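Below, each chain spelled out in residue letters.
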Amino acid sequence: MMGEGADPGKAHKAGEAGEAGEAGEAEQGGSKPEWMERLRAVAVLGAGGKMGSGIAWVALKAMAELDAKENGVPGSGRFELVLIDADPSSFKPLRAYLRSQLIKAAEKGIGDLRLWARERADLIENGEIIESYVDGALSMVRCEGDLAGAKRVRIVFEAVFEDLELKKEIYGRLKALCGRDAYFLTNTSSIPISILDREAGLNGRILGFHFYNPPAVQKLVEMISGASTRTDLVDFGRDLCKAFGKLGVPAHDVAGFIGNGHFIRELLFALGKLRELGVGAPALAALDHATQEFLIRPMGVFQLLDYVGLDVFRLILKVMREQLDAEAAAGTVFHDGTLEALVAAGVKGGQLGSGEQKDGLFRYEKNRIAGVLDLESLASGIRYLPLSDAGVRMALEALGAPPEGHAPWGKMAKDPGREEKVAAYLARLAKTAAATGTGTPQGAGERAAGPVGFGDRAKDPQGIPLARQFLDHSRAVGATLVRTGVADSGDAVRQVLMNGFFHLYGPADWKG
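This is a predicted model, so every value here is computed, not measured. (Residues numbered from 1 in each chain as written. Predicted model: local features only at pLDDT ≥ 70, side-chain atom pairs only at ≥ 80, totals over all residues. Heavy atoms only, no water.)

Engineer: Can you help me understand the overall build of the protein chain in this one?
Structural biologist: If you tally the helices and strands in the protein chain, you get 20 helices and 11 strands. Scored against the burial criterion, the 512 residues of the protein chain give a buried share of 54%. Partitioning the contacts of the protein chain with sequence separation of at least 6, the portion at a separation of at least 24 is 72%. Of the roughly 21100 Å² of accessible surface on the protein chain, 51% is carried by carbon and sulfur atoms. (Helix = DSSP H or I, 4+ residues; strand = E, 2+ residues; numbered from the N terminus. Buried < 20%, exposed > 50% of the residue type's maximum accessible area, 1.4 Å probe, protein only. Contact = heavy atoms within 4.5 Å. Areas by Shrake-Rupley, 256 points an atom, 1.4 Å probe, with all protein chains shown as cover.)

Laid out in structure tokens, this is it:
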């Protein structure tokens, strides 16, 4: 869903694709493996959006490399990538994005490009090779404003809005348009695959193939099989992950799957904590800071909500509410009044096509938090308090300092000994929490003791108790995902959170 860390130029290494291809050729007596053949005709639906454009790039890079290996440079006419979006104004920036990504990848991979083009006497200089590679790859791309453009493709990547009725309508049309051997890979992050399969009558030709945001750099793909998903499609999905240089983690067909199964529940927990502390800017800032610094994460829980988008979160929440009736009856309510009020007031978050963060719960300058939403005056309009606001500053001070062994996420993530250091830090956090108690920070009714519901800051720092509560909750959610069969194991949950959300540890690693 979010993150940094992977390199776009390394997302699909030539060696990885080559190993997959060589293995397939050896097994099939020299014939090309299925993933190679199917990549000759591909469509991406919703290609103008952030996820769709990223998926388009991942597919185009793999297709261009295959064509270059076969023909020296791409552009042989044997590969076609159809980019479909209902908004034709998205095509110009989409093509510009693909060109910029191709140039970067070509410059980084010039050694491979020279090797592939060695028989081309007309291509000598690096600049000529790069230009030919970029132009040839872009010649594969065809932009269409209607689903009919997908008629002859063999793989459809679908990345439209997370709306069940919309997806059902699209797959119903695709079934009539596409050949009987076409595979459908949906980027849904919450809607059960079996529902889409059943409603559209796809006979098992649909697989959940959930890229994480942004697809160009994120390594993780959650692969979700429906009740009738064909085994050959599952095998194909695994091969395609390897060809794309992605880590494919299987998840079972339960709404939200692993990633959102954890993320949605944690956000609901965080919104509940916000109400406990008094719905105000200082509490919002303190909770976000505690979940970033004390948990050593790249973003705090509410900044991550901004990154995803409050309206997107609301759509996912709606799907889970409709699909997980049994869990709702058991006590988990997939609805939040605070979230509804925020969205109704126009607080959306999300990102621009350029990747720049939009304002949401926080105001951003160059993707850094520069202000905190004044929740208490929301009825009068959206305004932000500066980080220098006295109440915000005092609430942050009330958190105190993390235990010994702490380092910011950016520093810890780069440390070659991070696994041991993170384990030591979590042990120290658990020991400190046990020694100081785990009481909940004081609520809105006790504001006389300090701003925005935080207690006596000098005697009772609140960061460690908050961290423990979030870690206890995360561990319980992780166990629930395994117990209810969403994830095969705790390690699968760990892989999704570490590779999709860039956590430095899994829920079960917390022993507090």
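Engineer: Which parts of the structure should I look at to understand the packing of helix α10 (residues 259-277) against helix α19 (residues 463-483)?
Structural biologist: Packed helices, taken two at a time, are described by the angle between their axes plus the distance between the axes. The contact between α10 and α19 brings their axes to 10 Å, and the two run at 145°. Read as a crossing pair, α10 and α19 show a hand that is right-handed. Counting all contacts with α10, which are made through Gly 261, His 262, Arg 265, Glu 266, Phe 269, Ala 270 and Lys 273, the residues of α19 involved are Gln 469, Phe 470, His 473, Ser 474, Val 477 and Leu 481. Among the residues making up the contact of α10 with α19, the classes are represented as 5 nonpolar, 5 polar and 3 charged. (Axes fitted to C-alpha atoms, helices over the stretch in contact; angles between N-to-C directions. Left-handed = near helix turned anticlockwise from the far one by under 90°. Nonpolar A, V, L, I, M, F, W, Y, C, P; charged D, E, K, R; others polar.)

Engineer: I'm lost on the sheet that holds strand β11 (residues 384-386) in this one. Help?
Structural biologist: In a beta sheet, neighbouring strands pair by backbone hydrogen bonds and run either parallel or antiparallel. Strand order in the open sheet made by the 3 strands is β9-β10-β11, with antiparallel pairing throughout. For this open sheet the edge positions go to β9 (362-365) and β11, each flanked by a neighbour on one side alone. For this sheet, the mean inter-axis angle between neighbouring strands, taken without regard to orientation, is 45°. Here β9 pairs with strand β10 (residues 368-373) via 4 bridges, running antiparallel. Looking at β10, one finds that Phe 362 is bridged to Val 372. In the packing of helix α11 (residues 281-294) onto the sheet, the strands contacted are β9, β10 and β11, and the crossing angle to β10 comes to about 145°. (Pairing = 2+ DSSP bridges.)

Engineer: Explain the pattern of salt bridges here, please?
Structural biologist: Close approach of charged atoms allows side chains with opposite charge to pair. One pass over the full model with this rule turns up 28 salt bridges. In this structure, Arg 40 engages Glu 37 in a salt bridge whose closest nitrogen and oxygen atoms are separated by 3.5 Å. Between Asp 336 and Arg 275 there is a salt bridge whose closest N-O contact spans 2.8 Å. Of this pair, Asp 336 sits in the loop between α14 (325-329) and α15 (337-344) while Arg 275 sits in helix α10, and the two are 61 residues apart along the sequence. When its relative accessible area of 38% is taken as the criterion, Arg 275 is described as partly exposed. Linked through salt bridges whose partners overlap, the residues forming this network are Glu 37, Arg 40 and Glu 70. (Salt bridge = Lys/Arg side-chain N within 4 Å of Asp/Glu carboxyl O.)

Engineer: In this structure, what is going on with the pairing of β9? I would like to understand it.
Structural biologist: Each regular strand shows side chains that alternate between the opposite faces of the sheet. Only one face of β9 is covered, namely the one carrying Phe 362 and Tyr 364; the face carrying Arg 363 and Glu 365 has none of its residues buried. Hairpin connection, β9 to β10: the antiparallel pair is bridged by 2 residues, and Lys 366 has positive phi, about 55°.

Engineer: Explanation requested: the packing of α11 against helix α12 (residues 301-308) in the structure shown.
Structural biologist: The contact between α11 and α12 brings their axes to 6 Å, and the two run at 95°. Between α11 and α12, the crossing angle belongs to the class labelled roughly perpendicular. On α12, the residues touching Leu 284, Leu 287, Asp 288, Thr 291 and Gln 292 of α11 are Val 301, Phe 302 and Gln 303. Residue composition of the contact of α11 with α12, grouped by class: 4 nonpolar, 3 polar and 1 charged. (Parallel < 35°, antiparallel > 145°, perpendicular 65-115°, else oblique.)

Engineer: Looking at this model, I keep getting lost on the packing of aromatic side chains. Mind explaining?
Structural biologist: A complete count under the given rule lists 10 aromatic pairs for this structure. Residues Tyr 183 and Phe 236 carry aromatic rings whose centres are separated by 5.2 Å and whose planes lie at 55° to one another, so their mutual orientation is tilted. With a gap of 53 residues between them, Tyr 183 in strand β5 (residues 183-186) and Phe 236 in helix α9 (residues 231-244) connect regions that are remote in the sequence. Assigned by exposure class, Tyr 183 and Phe 236 land together as buried. Site record: aromatic cluster; members linked through ring pairs are Phe 157, Phe 209, Phe 211 and Phe 244. A cation over an aromatic ring shows up here: Arg 38 above the ring of Tyr 183, its NZ or CZ 3.6 Å from the ring centre. Cation over ring: Arg 38 sits above Phe 236, and NZ or CZ is 5.9 Å from the ring centre. (Phe/Tyr/Trp six-rings, centres within 6.5 Å; stacked < 30°, edge-to-face > 60°. Lys NZ or Arg CZ within 6 Å of the ring centre and 35° of its normal.)

Engineer: Explanation requested: unusual backbone geometry in the structure shown.
Structural biologist: The bulk of non-glycine residues show a negative phi, and the bulk of peptide bonds are trans. Cis peptide bonds are those with omega within 30 degrees of zero, and the linkage from Asn 213 to Pro 214 qualifies with 0°. With a phi close to 50°, Ile 296 is a non-glycine residue in the positive phi region. By the secondary structure assignment, Ile 296 is in the loop between α11 and α12. Backbone geometry places Phe 502, a non-glycine residue, at a positive phi of 60°.

Engineer: Any chance you could explain the side chain of Ser 90 here in plain terms?
Structural biologist: Among the structural elements, Ser 90 can be located in the loop between β2 (80-84) and α4 (91-108). Engagement of the side chain of Ser 90 in a polar contact is seen with the backbone oxygen of Asp 87, the distance being 2.7 Å. (Polar contact = N/O pair within 3.5 Å; in protein donor to acceptor, adjacent residues only side chain to side chain.)

Engineer: Would you take a moment to explain the confidence of the model for the protein chain for this structure?
Structural biologist: Predicted coordinates in areas of low pLDDT are best not read in detail. On average, residues of the protein chain score 89 in pLDDT, and 88% of them are at 70 or above. Low pLDDT (under 50) marks residues 1-29, which in the prediction has 69 contacts with non-local residues, meaning those over four places away or in another chain. This stretch, residues 439-452, has a pLDDT under 50; its non-local contacts, to residues over four places away or in other chains, come to 38 contacts. (pLDDT = per-residue confidence, 0-100.)

Engineer: Looking at this structure, I do not really get the nonpolar core. What am I missing?
Structural biologist: Counting residues in each nonpolar core, the largest one holds 106 residues, and the members touching the most others are Leu 174, Phe 184, Ile 258, Ile 264, Leu 284, Phe 302 and Leu 361. Leave out the neighbours within four places in its chain, and Phe 184 touches Val 156, Tyr 171, Leu 174, Cys 178, Leu 202, Arg 205, Ile 206 and Leu 207. (Core = buried A, V, L, I, M, F, W, Y, C linked by side-chain atoms within 4.5 Å.)

Engineer: For this particular structure, what's the right way to read the environment of Leu 385?
Structural biologist: Examined against the element boundaries, Leu 385 turns out to sit in strand β11. Among the residues examined, Leu 385 registers a relative accessible area of 13% and is labelled buried. On a C-alpha basis, the gap between Leu 385 and Val 372 in space is 5.1 Å, while along the polypeptide they are 13 residues apart. The residues contacting Leu 385, other than those within four sequence positions of it, are Ala 281, Gly 371, Val 372 and Asp 374.

Engineer: What's the story with the sheet that holds strand β8 (residues 247-251) in this structure? I'm lost.
Structural biologist: The strand order across the open sheet built from 8 strands is β3-β2-β1-β4-β5-β6-β7-β8, with neighbouring strands paired in mixed fashion. The sheet terminates laterally at β3 (141-144) and β8, the two strands that pair on one side only. With strand direction ignored, the average angle separating the axes of adjacent strands in the sheet is 25°. Pairing of β5 with strand β6 (residues 206-211), which is carried by 3 bridges, proceeds in the parallel orientation. When the bridges of β6 are listed, Phe 184 appears paired with Ile 206.

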